[in-house]
Amino acid sequence: MVWENPFGKNKVPSVAELWKNEKKQYRIWIFSYPVLLLLLSVFLSVQLFLDLDIKNIGRALSILSILFTGASLFFYVYSVFTSYKAKDFTPIGDRSFFFAFVSFSSAAISIINSTVVIIGNLSLNSQNFAAILTIQVILIGLIFVLIPFFYTKVLKIKSIFKLSRTLVIIEKRIDEMKKDPKAFSEFMNIFDLGHQNPMNSQQANNPENTQTQETQNKPQTKEEKIKIALEKLELAQLHEIAQKLEISGFEQLKKQELIKLLTQILAQQESRK
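An unreviewed UniProt entry lists the chain under the name Rho termination factor N-terminal domain-containing protein, from Mesomycoplasma ovipneumoniae.

Here you go:
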């Protein structure tokens with residue numbers, strides 16, 4: 001997920017701080033990925049030229065894959081220019097990854113189909129035997145190993161920058177809320193564990209259970225307190241908090257993922273007090 005924090009409990013660097021590592025950590029993945037897409041298009045085209053896909057469905061899938069790979073490459077290169085202009089890899093691959101998914105899927109089916117054709121029809125005496133076999137091995141390596149590996153690397157880079165940018169926006173939003181003490185107090189009241197629900201009140205009246213319960217359930221850190229408070233809320237209430245903090249894409253997160261994200265953000269804010 002985009003919301004997974006790759007820095008663990010460490011402070012998330014700002015976008016500007018992350019960009020300082022562009023040349024050392026990110027550039028090789030950012031520029032190698034489109035090269036692999038280009039190679040995929042080239043070798044699929046050569047495969048068509050050699051008439052490896054005997055059946056019409058194989059040729060159709062190869063053509064479809066070439067077209068979508070070309071579209072993916074175009075949008076990816078455009079996003080690279082946009083990212084370098086902004087010095088931020090958050091927009092990297094926007095609109096490109098959809099075309100890449102269709103391209104990879106059709107290419108994978110095409111390669112499987114052509115492999116079956118090779119096993120059934122190709123022999124040592126066949127014309128272009130060496131070229132066909134070499135291209136097939138290269139395509140298998142590209143679509144099933146290299147491209148997925150570099151694809152996940154680019155996604156991780158995008159996620160890191162998106163996380164950093166999101167946290168900056170949220171921190172600004174919380175700072176704005178702090179300017180209105182009443183509104184901020186009402187917002188933070190949900191983390192006040194002093195308010196007990198009816199069940200807790202009944203348990204508190206039992207002197208035998210009180211001491212044991214306090215020992216077992218008493219949170220030790222601010223982060224634990226916030227997490228416990230969030231876990232008591234309904235998903236709709238969590239969505240309301242995320243909306244107030246202007247967290248984009250919170251609707252797609254599962255409850256535990258959203259709790260984890262909110263806990264991290266609010267605990268970081270509490271530690272600054």
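Continuing now.
Our focus in this paragraph is the pattern of salt bridges. Within the structure shown, the criterion is met by three salt bridges. Between R165 and D88 there is a salt bridge whose closest N-O contact spans 2.6 Å. One end of the pair, R165, is in helix 5 (residues 129–178); the other, D88, is in the loop between helix 3 (56–86) and helix 4 (96–121), and 77 residues separate them in sequence. Its relative accessible area of 37% is what places R165 among the partly exposed residues. Notably, a salt bridge pairs D94 with K158, separated by 2.6 Å at the nearest N-O pair. In this pair, D94 is assigned in the loop between helix 3 and helix 4 and K158 in helix 5, connecting sequence segments 64 residues apart. Overall, the relative accessible area of 37% leaves D94 in the partly exposed class. In this structure K158 comes out as buried when scored by relative accessible area, which is 14%.

This next bit is on the nonpolar core. In this structure, I30, Y33, F89, F104 and F161 are the most contacted members of the largest nonpolar core, which totals 34 residues. If you list the elements that add at least two residues to this core, you get helix 1 (15–19), helix 2 (22–49), helix 3, helix 4 and helix 5. In terms of residue count, helix 5 provides more of this core than any other element does, 11 residues in total. Sequence-distant contacts of F104, that is, excluding residues within four places in its chain, are made with Y33, L37, L40, I143, I147 and Y151. Residues I226, L238, L253 and A267 belong to the second largest nonpolar core, which totals 21 residues.

Before going further, it helps to spend a moment on the packing of aromatic side chains. The tally for this structure, following the rule as stated, stands at 19 aromatic pairs. Ring centres of W19 and F161 lie 6.4 Å apart, and the angle between their planes is 80°; on these two criteria the pair is classed as edge-to-face. Placement of the pair is W19 in helix 1 and F161 in helix 5, with a sequence separation of 142 residues. Aromatic side chains F68 and F99 sit 5.8 Å apart centroid to centroid with 35° between the ring planes, which places their arrangement in the tilted category. Note that F68 is positioned in helix 3 and F99 in helix 4, a separation of 31 residues in sequence. Of the residues examined, F68 reaches a relative accessible area of 22% and is grouped as partly exposed. What links up through ring pairs into an aromatic cluster is the set W19, Y26, F31, Y84, F89 and F161. Residue placement shows K153 over the ring face of W29; its charged tip is 5.1 Å from the ring centre.

Scoring rules and cut-offs
Residues numbered from 1 in each chain as written. Predicted model: local features only at pLDDT ≥ 70, side-chain atom pairs only at ≥ 80, totals over all residues. Heavy atoms only, no water. Salt bridge = Lys/Arg side-chain N within 4 Å of Asp/Glu carboxyl O. Helix = DSSP H or I, 4+ residues; strand = E, 2+ residues; numbered from the N terminus. Buried < 20%, exposed > 50% of the residue type's maximum accessible area, 1.4 Å probe, protein only. Core = buried A, V, L, I, M, F, W, Y, C linked by side-chain atoms within 4.5 Å. Contact = heavy atoms within 4.5 Å. Phe/Tyr/Trp six-rings, centres within 6.5 Å; stacked < 30°, edge-to-face > 60°. Lys NZ or Arg CZ within 6 Å of the ring centre and 35° of its normal.

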